[in-house]
Amino acid sequence: MKPYLEEKEAVLKETGSSITGLTDEEAAARLIKDGPNKLKEPPKESIFKKFLGELKDPMTIVLIVAAIVSAVTAIYGGESLADAGIILAVVLLNACLGVYQENKAEAAIEALQQVSAATAKVIRGGHQKTIKAAEVVRGDLLVLEAGDAVPADARLIECASLKTQEAALTGESTDVEKQSAALQAAENGEVPLGDRKNMVYMGSIVTYGRGQAVATGTGMATEMGAIADALTSAKEEETPLQIKLNELSKKLSIMILAICAFVFIVNLVRSGGEAVLDTFMIAVALAVAAIPEGLSAVVTVLLSIGVTKMSKNHAIIRKLTAVETLGCTQIICSDKTGTLTQNKMTVVKKVTGDEKLLLTAMALSSDATLEQGEAVGEATECALVNEANKNGLPKGDLVAKWPRVDEAPFDSLRKMMTTVHQHENSFVQFTKGAPDEVLRRCSHILENGAAVPLTEEHKKHILEANKAMADEALRVLGAAERLYDEKPASNAPEDLEQNMTWLGMCGMIDPIRPEVKAAIGECRSAGIRPIMITGDHKDTATAIAKELGILKPGQMAITGAELDAIPDEVFAQDVRKYSVYARVQPENKVRIVNAWKALGRVTAMTGDGVNDAPSIKSADIGVGMGITGTDVTKSVADMILTDDNFATIVSAVSEGRRIYDNIRKAVQFLLSANLAEVLAVFSATLMGFTILKPVHILWINLITDTMPAIALGMEEAEKGVMQRPPRPPKESIFADGLSFDIMFQGFIIAAITVLSYFVGHRLDSGSWAIAESSAGMTMAFLTLSIVEIFHSFNMRSRTQSLFCLKKQNLLLWGTLVVSLLITAAVIFIPVLNKAFSFQPITITEYLVALGLAFAIVPIVEIEKIFRRLGQGKEEQPTNIGNSQCQK
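A separate point is helix α13 (residues 379-390). Given a rise of 1.5 Å per residue, 12 residues ought to cover 16 Å, and the 16 Å separating the end C-alpha atoms of α13 matches this to within 8%. Here α13 lies mainly inside the structure; 10 of its 12 residues are buried. Of the residues making up α13, those classed as buried are Ala 379, Thr 380, Glu 381, Cys 382, Ala 383, Leu 384, Val 385, Asn 386, Glu 387 and Ala 388. Immediately beyond the C-terminal end of α13, within one or two residues, lies Gly 392, with a positive phi of roughly 80 degrees.

Okay, structure coming up:
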């Protein structure tokens, strides 16, 4: 069957559907039979393939080669295979952890995709409901409106000025006008895809009008499914930070491998070519210590954790790059309705000569419906339908008396919509919209139940009343009527919307969200400028902006028409003056975004309508609305607000700053630890003794590096995170003295480790002389393991004293306890002790090692004091009892 050649009744019958849609039970059965409405996805990599991928890492290959060389040498020398076994065990454990983390990340992404999944409006059992697009089945009755993504191939059965954008399927860039009538086939019995005017297809977008269609194909049984094999899914881009860190890791790797080769050659020459294995293992130890192979992975984990946390707080991040950019945000351009306000419009004032007729006109020229005593639909129309219902005019009764027979849908250029209704043997047209626009098309006004000519005096009084309501921050809509003996021949707006009779105005208010005013204040203190953009009247927008603190003295409000009159070069200079934009068109938003971006400001832009997509895409952070937003805007947004709340944007910015701060802490911790290991191994090699073996460093990197770094990512935001200006977007991650901190702290940890080696050697042999010492190696291992854990506590804040942080990081404490227990087990349990070539130590020696490790804490505390003094401020003293030391 070719549904586009059949009458709609035949299509409904063939698909087993009706004008009331499928029942829930039938839809569920079809979903089980036909499967979800999804295109076939490429097969996922198997766990084994992922495991092999982990082993392809160059550093891992070096370790495997080292293990093989060590094993072969041990077998021929009749020695223990412990070193080789431990290296291989650590390699396999790291690979398993990598696979686990990759699977966990994939699961998290899939979970977020479920939250942000496209939805579809369907009629089932006679009632409209919203379901996931993947749950649409053949025979479902789809409800389509401007901004919707078409969820399946479907045959139109009802159509009101419907237009779709089918470029994704046909390549045709212009909108396609649709119809519901059956088509006539060409001589070959076919109609080209682009000419099937009564069909809508998965992947297309409704750009205008509304309609209903019965689904004729879902999933792979769609036109899009037929070419699915040619489709490629977008690969997740690395964030700028990840790219920089990967480049840093590569450069460090090359440099360190060169140093390792140099050390290998020098030691080989020094030993006369005899100690090849020992020399090789020293070079491997140096490489393992130096290459921060886990750096980018840790950053990815921290970003993923942050994204998951943000999704639980109503902000779904669609691109990891957005997390970094959020912390740099300097301008937030926000819609007013539903974002700054509650989107619960309520009629509070009416100006009319016939209240019943005004409310009838307002309710009937709305698409909102009344279900169980509450209006469902667009917020403004809901307010009108609810008001009519409160006054004894329920929408259902009105529709029964005045059925709609035609319409000219609303669009933002006309700023009005018109519906035509049959009433007994005549027809009446109701038009509602912006009062000034409706009034311009009126020739009469209703007075004392009769239509009289509209005079200039009438217009003056109407416009004054309109302004008075707007000054009270009310949203005002006007209504008019036009009577006909016969149904109008044309539904074109220019034909209908003229010679109308003015009925009156309704004033509505959308209450401000209670949390937004505080969020605006937080923006200000964080160096972020909030901008209001709205389609409302300038006076309304100004009143609300002043109440919220968006419009400050010296700043201005401007309308879209006034903006259109300003040349680009002038606006580029004057954009700083304006904090409120009223009566704007979607193209104005793109201009506003580009003007701020031209000044180098990182700009966020919110939007919900289909025409907002260009501005959202142009912004550094495009923010889509999860409740009122169309599928189009959600698809191009970097972040989706599931509660449409401005305060959520501000909390997301705060979270973005926290994540970036914690990434910097993790980077500082990891690089200072790696540098310390390099300096310790390199200096010991030059002095002629082995301070640590590769297995020791591998163990330290596994236990005392990665987990604390991830734990640091869970650190709560520091005090004042939203009391400082945004960081420059091009600022290096090593800015603000981070490079010095890494070098200084790495040197101190290395010095403590080398000192611990000599102390252990002295306690064991009674001599300070440089020599190979199992006791010294044991002490160095113990000290380095614990000093890095203690140092991770230092990293909880780069400037504040550790003793001033009142809230505890329980995960970090957990890593401390686990590390202490495991390290003690390695040293005191005979089997492990022997495998790691350690010498049993006394409790005294153990406590000495702990004391040396703890020394990193006061040393870094002193450094922090100098850092605070250098910044010209002491935000909190190091005195533990001081009340200012609070987080």
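Moving on, we get to the side chain of Ser 654. In this fold, Ser 654 is placed in helix α25 (residues 646-687). In contact with Ser 654, other than residues within four places in its own chain, are Val 721 and Met 722.

A few words now on the packing of helix α27 (residues 738-765) against helix α31 (residues 843-854). Axis separation between α27 and α31 bottoms out at 10 Å; the angle between their running directions is 160 degrees. Here α27 lies roughly antiparallel to α31, going by the angle between them. In the packing of α27 onto α31, the handedness of the crossing is right-handed. Residues Ile 752, Leu 755, Ser 756, Val 759, Leu 763 and Asp 764 of α27 form the contact with α31, whose own contacting residues are Glu 845, Val 848, Leu 852 and Ala 853. Of the residues contributing to the contact of α27 with α31, the split by class is 7 nonpolar, 1 polar and 2 charged.

Relative to the elements of secondary structure, Arg 482 occurs in strand β18 (residues 475-484). Of the side chains with opposite charge, Asp 495 lies nearest to the buried Arg 482, which makes no salt bridge, at 7.7 Å. A distance of 3.3 Å separates the side chain of Arg 482 from the side chain of Tyr 484, its partner in a polar contact. A polar atom in the side chain of Arg 482 sits 3.1 Å from the backbone oxygen of Leu 496.

Considering all chains together, one arrives at 14 aromatic pairs under this definition. Ring centres 5.8 Å apart and planes at 85 degrees place the aromatic pair Tyr 757 and Phe 758 in the edge-to-face group. Of the two residues, Tyr 757 and Phe 758, neither departs from the other in class, the shared state being buried. What links up through ring pairs into an aromatic cluster is the set Phe 571, Tyr 578 and Tyr 581. The ring of Tyr 208 carries Lys 163 above its face, with NZ or CZ at 5.5 Å from the centroid. Looking at Arg 727, its charged tip hangs above the ring of Tyr 660, at a distance of 3.5 Å from the centre.

The final tally for this structure, using the stated rule, is 4 cavities of 30 Å³ or more. Counted as a void, the largest cavity has a volume near 50 Å³. Around the largest cavity sit Gln 668, Asp 741, Gln 745, Met 795, Ser 797, Arg 798, Val 860, Glu 863, Lys 864 and Arg 867, which together line it. Here the lining of the largest cavity is built from residues that sort into 2 nonpolar, 3 polar and 5 charged.

Our next topic: helix α22 (residues 586-598). For α22, which comprises 13 residues, the first-to-last C-alpha distance of 19 Å matches the rise-based estimate of 18 Å (1.5 Å per residue) to within 8%. Three or more residues of α22 are buried, namely Pro 586, Asn 588, Lys 589, Arg 591, Ile 592, Val 593, Ala 595 and Trp 596. Trailing α22 by a residue or two, Gly 600 shows a phi angle of about 85 degrees, which is positive.

Non-glycine residue Ser 161 carries a positive phi angle of around 55 degrees. Within the secondary structure, Ser 161 sits in strand β4 (residues 153-165). Even without being glycine, Ser 837 reaches a positive phi, approximately 60 degrees. By secondary structure assignment, the location of Ser 837 is in the loop between α30 (830-835) and α31.

Let us now look at the pattern of salt bridges. Counted by the stated rule, this structure contains 41 salt bridges. Glu 655 serves as the salt-bridge partner of Lys 309, at 4.0 Å between the closest nitrogen and oxygen. With Lys 309 in helix α10 (residues 295-312) and Glu 655 in helix α25, the pair connects residues that are 346 residues apart, well separated along the chain. The exposure class assigned to Glu 655 is buried, which follows from its relative accessible area of 10%.

This paragraph deals with the nonpolar core. In this structure, Met 639, Phe 646, Ile 691 and Ile 856 are the most contacted members of the largest nonpolar core, which totals 108 residues. Tallying contributions element by element places α25 first for this core, with 18 residues. Once you skip the residues sitting within four places of it in the chain, Ile 856 turns out to touch Ile 748, Ile 749, Ile 752, Val 787, Phe 790, His 791 and Asn 794.

As a further point, take the sheet that holds strand β21 (residues 556-559). If you trace the 8 strands from one edge of the open sheet to the other, you get β8-β25-β24-β23-β9-β20-β22-β21, paired in mixed fashion. Unpaired on one side and paired on the other, β8 (315-317) and β21 mark the two borders of the sheet. Within this sheet the neighbouring strands show an average axis-to-axis angle of 20 degrees, counted without direction. Here 3 bridges tie β8 to strand β25 (residues 639-641), and the two strands are oriented antiparallel to one another. In the strand pairing of β25, Ile 316 is matched with Ile 640.

Bridge analysis of strand β16 (residues 442-447) against strand β17 (residues 450-453) gives 4 bridges, and the strand direction is antiparallel. Bridge pairing links Leu 446 to Ala 451 in β17. Linkage of β16 to β17, two consecutive antiparallel strands, is achieved through a turn of 2 residues, within which Asn 448 is found at a positive phi near 55 degrees.

Right, let's get into the environment of Val 405. Inspection of the secondary structure puts Val 405 in strand β13 (residues 404-411). Sequence spacing of Val 405 and Thr 419 is 14 residues, and the spatial spacing of their C-alpha atoms is 7.7 Å. When residues no more than four places from it in sequence are discounted, the contact partners of Val 405 are Val 420, His 421, Gln 422, Phe 427 and Lys 487.

Quick notes on the rules
- Residue positions are given per chain, counting from 1 as you read along its sequence in written order.
- In keeping with the model being predicted, local features are shown solely for residues with a pLDDT of at least 70 and side-chain atom pairs are shown and tallied solely at 80 or more, while totals for entire chains, interfaces and linings include all residues.
- The basis for every side-chain value is the complete set of heavy atoms in the structure, and neither hydrogens nor water enter the calculation.
- Runs of E in the DSSP output that reach at least two residues are strands. Runs of H or I that reach at least four are helices, and both are numbered from the N terminus.
- In a helix, the anticipated span is given by 1.5 Å times the number of residues less one.
- Using a 1.4 Å probe on the protein chains alone, a residue whose accessible area is under 20% of its type maximum counts as buried, one over 50% counts as exposed, and one in between counts as partly exposed.
- Should any heavy atoms of two residues lie within 4.5 Å, those residues are counted as being in contact.
- Lines fitted to C-alpha atoms define the axes, with helix axes restricted to the stretch in contact, and inter-axis angles between N-to-C directions lie between 0 and 180 degrees.
- Small angles under 35 degrees read as roughly parallel and large ones over 145 as roughly antiparallel, with 65 to 115 read as roughly perpendicular and the rest as oblique.
- Note: crossing handedness is left-handed where the near helix turns anticlockwise from the far helix by less than a right angle, and right-handed where it turns clockwise.
- Classification used: nonpolar for Ala, Val, Leu, Ile, Met, Phe, Trp, Tyr, Cys and Pro, charged for Asp, Glu, Lys and Arg, polar for all others including Gly.
- None of His or the chain ends enter the tally, which takes Lys and Arg as positive and Asp and Glu as negative.
- The working definition used for a salt bridge is a side-chain nitrogen of Lys or Arg within 4 Å of a carboxyl oxygen of Asp or Glu.
- Here a polar contact is taken to be a pair of N or O atoms separated by no more than 3.5 Å, where protein atoms must pair a possible hydrogen donor with a possible acceptor and residues adjacent in sequence count only if both atoms sit in side chains.
- Planes of paired rings set the category: under 30 degrees apart is stacked, over 60 is edge-to-face and the rest tilted, where pairs are Phe, Tyr or Trp rings (Trp by its six-membered ring) whose centres lie within 6.5 Å.
- When the NZ atom of lysine or the CZ atom of arginine is within 6 Å of a ring's centre and also within 35 degrees of its normal, the charge is said to sit over that ring.
- A cavity here means a set of 1 Å grid points, computed over protein atoms only, where a 1.4 Å probe fits but cannot escape. A pocket is an open set with protein on both sides within 12 Å along at least 5 of 7 lines, and lining residues have an atom within 4 Å of a point.
- Grid points are joined across faces, edges and corners, and a volume is the space filled by probe spheres set on the points.
- Throughout this description, the term nonpolar core refers to a set of buried Ala, Val, Leu, Ile, Met, Phe, Trp, Tyr and Cys residues connected via side-chain atoms within 4.5 Å.
- Two strands qualify as a pair provided that DSSP identifies no fewer than 2 bridges between them.

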